[in-house]
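# Reading the structure
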Amino acid sequence: MASATGIPEENPATQGRGEDEPLLGRAGDASQQDGQGIQFNFVLGTAIIAQAGIWILTATIWASAFIAPLSLFSAHPLLNSAGLLLTTQAILILQPTHAPKQKHLGTNIHAAINGTAVLSLLAAFIIIEYNKFAHAGAHFTSPHGILGLITYIFFAIQAIVGITQYYTPGIYGSVDNAKAIYKYHRMSGYLLLILSFATVAAATQTGFNTTTLHIKLWAVIVAAVITLIGLLPRIKKQKLGF
């Protein structure tokens, strides 16, 4: 549409929505609309694809754990997969927010879900360590064990930084200083999710899985790829500083 001067007018629907522009697609394709309930963020845009992937992965792990003879160790894959499922939900709920009120509510829900995820992962870590000590097993020797330890450490760091930069920004010197590292928190969150998938993939090569759980490597890879296909296109360029 042209104005009286002959200069094309901007579409009002896209004005001021630079932060809404996703890596793939058009501005607003994965953005929470004004007045829309935040619960719809779980399935908005390509989120439904991510949901399919992460639920397939979780169901695969849980089915294998419950089909096999149950033991204390069974809680380790169950809790880890639950933590990964919750982490994915925490990302999906926050991604489409852009208005101040949306961001505030989304961040609070994101923190609550992620906090639950970290507790689930912590419980999984305690259980595997207790099991190792009880059976005099070697610690952090397999690729899965090493990746798992790295993943746990980074989850703890990610949670601490995320909570403090938003709720206690003063420890960074100022609110502006805290906001300056938001983009790094977001970047590291996506990288941590990929690291988590790599850790699950490595778990399929452990002796316990090959003899008891029988989770297939290809199934983990396919589910992880599906999850990322649904999640990564919703990343907002401006939120990462692009």
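The protein carries the name Cytochrome b561 domain-containing protein in an unreviewed UniProt entry, which gives Letharia lupina as its organism. According to the UniProt record, the Cofactor (unreviewed entry) comment for the protein is "heme b".

## Let's talk about the UniProt feature "transmembrane region" (unreviewed entry) in the protein
Under the UniProt annotation, the feature "transmembrane region" (unreviewed entry) is placed at residues 42-67, 73-94, 106-128, 148-168, 189-208 and 214-232. Across residues 42-67, helical content stands at 81% and strand content at 0%; the span's end C-alpha atoms are separated by 30 Å. Helix makes up 91% of residues 73-94 and strand 0%, and the two end C-alpha atoms of the span are 33 Å apart.

## Description of a nonpolar patch on the surface
Residues F40, V43, I48, I49, L217, I221, V225 and I229 make up a contiguous nonpolar surface patch of about 650 Å² in total accessible area. Counting residues per element, the ones that place at least two in the nonpolar patch are α1 (47-67) and α8 (217-231). With 4 residues, the top contributor of residues to the nonpolar patch is α8. Tracing the backbone through its elements, the reader meets V225 in helix α8.

## Let's talk about the side chain of Q89
Within the element layout of this structure, Q89 appears in helix α2 (residues 75-94). Take Q89: its relative accessible area is 10%, and that puts it in the buried class. For Q89, the side chain forms a polar contact with the side chain of Q51, separated by 2.8 Å.

Procedures and definitions
Residues numbered from 1 in each chain as written. Predicted model: local features only at pLDDT ≥ 70, side-chain atom pairs only at ≥ 80, totals over all residues. Heavy atoms only, no water. UniProt positions renumbered as here; feature names shortened; annotations may be inferred. Helix = DSSP H or I, 4+ residues; strand = E, 2+ residues; numbered from the N terminus. Patch = residues over 30% accessible without salt bridge, like charges linked within 9 Å, V, L, I, M, F, W, Y side chains within 5 Å. Areas by Shrake-Rupley, 256 points an atom, 1.4 Å probe, with all protein chains shown as cover. Salt bridge = Lys/Arg side-chain N within 4 Å of Asp/Glu carboxyl O. Buried < 20%, exposed > 50% of the residue type's maximum accessible area, 1.4 Å probe, protein only. Polar contact = N/O pair within 3.5 Å; in protein donor to acceptor, adjacent residues only side chain to side chain.

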